[in-house]
Amino acid sequence: MASLVPIKNSIATQLLKVVFSFYLILTVAVTLLQMIAEYTHTKQQTLEELGFLETTFKRPLEQAMWEMNFSQLRSTVWGISQLPTVVGVQVQDHKSEVLAQEGQVMSLEHPLEDQVYSQLFSHTFEIEHQRGGKLFKIGEVTIYSSAAVVFEKIQFGFIFLIINAFIKTLVFWILFLWISRFMLSRPLAVLTAATEQLQLDRLENFKISVKTQGRNELKTLEEAFQFMVNNLQIARNELTEVNQHLEKKVQQRTQELRRAKEQAEVANQAKSEFLANMSHELRTPMNAVLGFTELLDATTMAPKQRNHLDAIKTGSTNLLTLINDILDLSKIEAGKFDIHPTPTRLEVVIEELMTIFSLKLSEKQLEFVLSIDPELPPVLLIDKVRMRQVLFNLMGNAVKFTNYGTITLRVTFEQPDRSQPYLDLCIAVEDTGIGIAQEELERIFESFHQQEGQDYKRYGGTGLGLTISKRLIEKMNGTLTVESILRKGSVFRIQLKQVEILALDDWSDRGTRFDSTPQLNHLRSFVGQAAVPVTLPPLDLTPEAVSCLPVLVPILEKELLPQWKHLQTVQPVNQVRVFAHSIQSLGNQHNIPPLIQYGTCLLEYLENFEFADMRVLLHKFPELLQGLRGKITH
């Protein structure tokens, strides 16, 4: 049998604490009531004794006062004050002047302390003299007693009450604890031992017996325990059958899930291909529309026709933006969207944004405040393209929804461990615009969600910019949060954790890289002006590459220059793609990095339907050829 639980942890002790608490309160209350009742009764007896003194001393006091025998009066007063129940006596004439006084009395001329006053109580009677058949009041006598006298009389009774209560409490504690341990703890120990010995594989022969009298709760618990054992035996048999059935089901479902997974992967692949094809098919005609509207914009038109053309340009630009956003969001949801950190100067990215939004800020007469922590490291390892895209969305929203006031771009950082090349970057875009209602803050990052009551004709938008921005920041191991007060402004805050700090050499090694990212091109087409000019890659060649130029340059002049001349009049997509691949192939064949970069960039413009930048870069081919020819001369 299991051993009993230590007495300090047993249920009996815990139950005793609860019961004893109430018992102790009751005992103390009853004892106090008895002491108060005893005190009140003794005090009343003392007052009665003071009344008896009136009968005894009234006549001698009357005679002494009538005869004005003050010596006898003081002697009598002193004798009264010596009685055990008396602490003071005061005699006054009919004018309330004190004739004699002994012990503790209440006197206005010489008041006692408050504590003494609170303990005194008295009995007062008048002294009268009969003359000529009439009674004349000649004075008044007050006999005092105190609580100390009363306590002295009942102190033994108080001590007896306290000792009695203590003994009863102690006996109650011991008896209750012993009985509880015998009637409760021991049967529970039997049940505990039975529980410890209970095993699923030996339920058939399990029996339990709690030794208790009568059909009490413990007996009921014993029967319930035995009933539980019987049910466990039945459940064990049923569980065995269910397990066998489940194993077959699991095998079947595993095969079904494997087939469903394969089907989902095929469907996801088809979805990705469909989105890529659809984006290509949609963006190609949209870029054509934008290209022709740019050509028409350069011609002379009537005002009404120009308004129609502006409407076409605006609608086409918005639709192209929507297509790009939907494609980005679909890539993110499909897990096909990767982050590519590169050494980046954050100041350069911000300077590009300032250039993009400077015209709009000037038109709306908004103040722009840029605050960058002066200790921010110059080069960080982040995805410059995606960071530019997110900041473009946030700045675009700030400018769009702010009609007056200030837009602030604030960059701060924290570096918890200075010995490690990492920091936590914080970028905040603050505005004094229309703000966002508190009930809308939780939904502002949902796809296709716009603030309730927003004037679509005035502000436009698709409701995807913030969704994509939040997903991109989360891909970069960060968070995008918003704080806003309606009609006062908003603060969008980017927090990037563990951003790597790079040395300046990491930047300079890539300083000649020809940047032609699709996202930057998207910014160009959206704003209507180049965020970064389209330039040729630098002609930095190794001696081995220069030695190949005498063979390569004639090939370029003979085979590719005629193709380029043809493309100056028309630019069919397939022929431009063939031209770019030819240049790329020749660059790889002869190890000429400028040709490789030129062909790669031309293909990127083509694949992202940035025909304006593609035409600019295509127009610079003779300049590139002339540069290579100059390398041969030198």
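Basis of the calculations
Residues numbered from 1 in each chain as written. Predicted model: local features only at pLDDT ≥ 70, side-chain atom pairs only at ≥ 80, totals over all residues. Heavy atoms only, no water. Pairing = 2+ DSSP bridges. Helix = DSSP H or I, 4+ residues; strand = E, 2+ residues; numbered from the N terminus. Axes fitted to C-alpha atoms, helices over the stretch in contact; angles between N-to-C directions. Patch = residues over 30% accessible without salt bridge, like charges linked within 9 Å, V, L, I, M, F, W, Y side chains within 5 Å. Areas by Shrake-Rupley, 256 points an atom, 1.4 Å probe, with all protein chains shown as cover. Salt bridge = Lys/Arg side-chain N within 4 Å of Asp/Glu carboxyl O. Buried < 20%, exposed > 50% of the residue type's maximum accessible area, 1.4 Å probe, protein only. Left-handed = near helix turned anticlockwise from the far one by under 90°. Contact = heavy atoms within 4.5 Å. Nonpolar A, V, L, I, M, F, W, Y, C, P; charged D, E, K, R; others polar. Phe/Tyr/Trp six-rings, centres within 6.5 Å; stacked < 30°, edge-to-face > 60°.

## Examining the sheet that holds strand S1 (residues 88-93)
- With antiparallel pairing, the 4 strands of this open sheet are ordered in space as S2-S1-S4-S3. Both edges of this open sheet fall to strand S2 (98-103) and strand S3 (120-131), since each of them pairs with a single strand only. Each adjacent strand pair in this sheet contributes to an overall mean axis angle of 15°, direction not counted.
- Pairing of S3 with strand S4 (residues 134-146), which is carried by 12 bridges, proceeds in the antiparallel orientation.

## Quick notes on a nonpolar patch on the surface
- There is a patch of nonpolar side chains on the surface, built from Phe-156, Ile-159, Ile-163, Phe-166, Ile-167, Leu-170, Val-171, Trp-173, Ile-174 and Leu-175 and spanning about 990 Å² of accessible area.
- Assignment of secondary structure puts Leu-170 in helix H4 (residues 147-197).
- Owing to a relative accessible area of 42%, Leu-170 belongs among the partly exposed residues under this scheme.

## Describing the packing of helix H8 (residues 384-400) against helix H10 (residues 465-475)
- Running from N to C, H8 and H10 point in directions that differ by 145°, and their axes come no closer than 10 Å. Classified by chirality, the crossing of H10 by H8 is left-handed. Side by side, H8 and H10 meet where Arg-386, Gln-389, Val-390, Asn-393, Leu-394 and Asn-397 of the first sit next to Gly-465, Leu-466, Ile-468, Ser-469, Leu-472 and Ile-473 of the second.
- Residue composition of the contact of H8 with H10, grouped by class: 6 nonpolar, 5 polar and 1 charged.

## Looking at the packing of aromatic side chains
- All chains considered together, the criterion is met by 4 aromatic pairs.
- The interplanar angle of 35° and the centroid separation of 5.3 Å between the aromatic rings of Phe-357 and Phe-392 together place this pair among those described as tilted. One end of the pair, Phe-357, is in helix H7 (residues 346-363); the other, Phe-392, is in helix H8, and 35 residues separate them in sequence. Take Phe-357 and Phe-392: they sit in the same class, and that class is buried.
- Here the aromatic residues Phe-579, Tyr-598 and Phe-621 are joined through ring pairs into a cluster of three or more.

## Some points on the pairing of strand S11 (residues 489-502)
- When strand S7 (residues 379-382) meets S11, the two strands line up antiparallel, connected through 3 bridges. Opposite Leu-381, over in S11, you have Glu-500 as the bridge partner.
- Bridging between strand S9 (residues 422-431) and S11 involves 9 bridges; their strand directions are antiparallel. Residue Val-429 lies in a different strand from S11, and its bridge partner there is Phe-492.
- Across 8 bridges, the pairing between strand S10 (residues 478-485) and S11 is antiparallel.

## A few points about the pattern of salt bridges
- Scanning the model with the defined rule gives 8 salt bridges in all.
- With a closest N to O distance of 3.6 Å, Lys-137 and Glu-126 form a salt bridge. Of this pair, Lys-137 sits in strand S4 while Glu-126 is found in strand S3, placing the two residues 11 residues apart along the sequence.
- Given a relative accessible area of 40%, Lys-137 falls into the partly exposed group.
- With a relative accessible area of 36%, Glu-126 lands in the partly exposed category.
- Here Arg-410 and Glu-430 are joined by a salt bridge, their closest N and O atoms 3.1 Å apart. With Arg-410 in strand S8 (residues 406-414) and Glu-430 in strand S9, the pair connects residues that are 20 residues apart, well separated along the chain.

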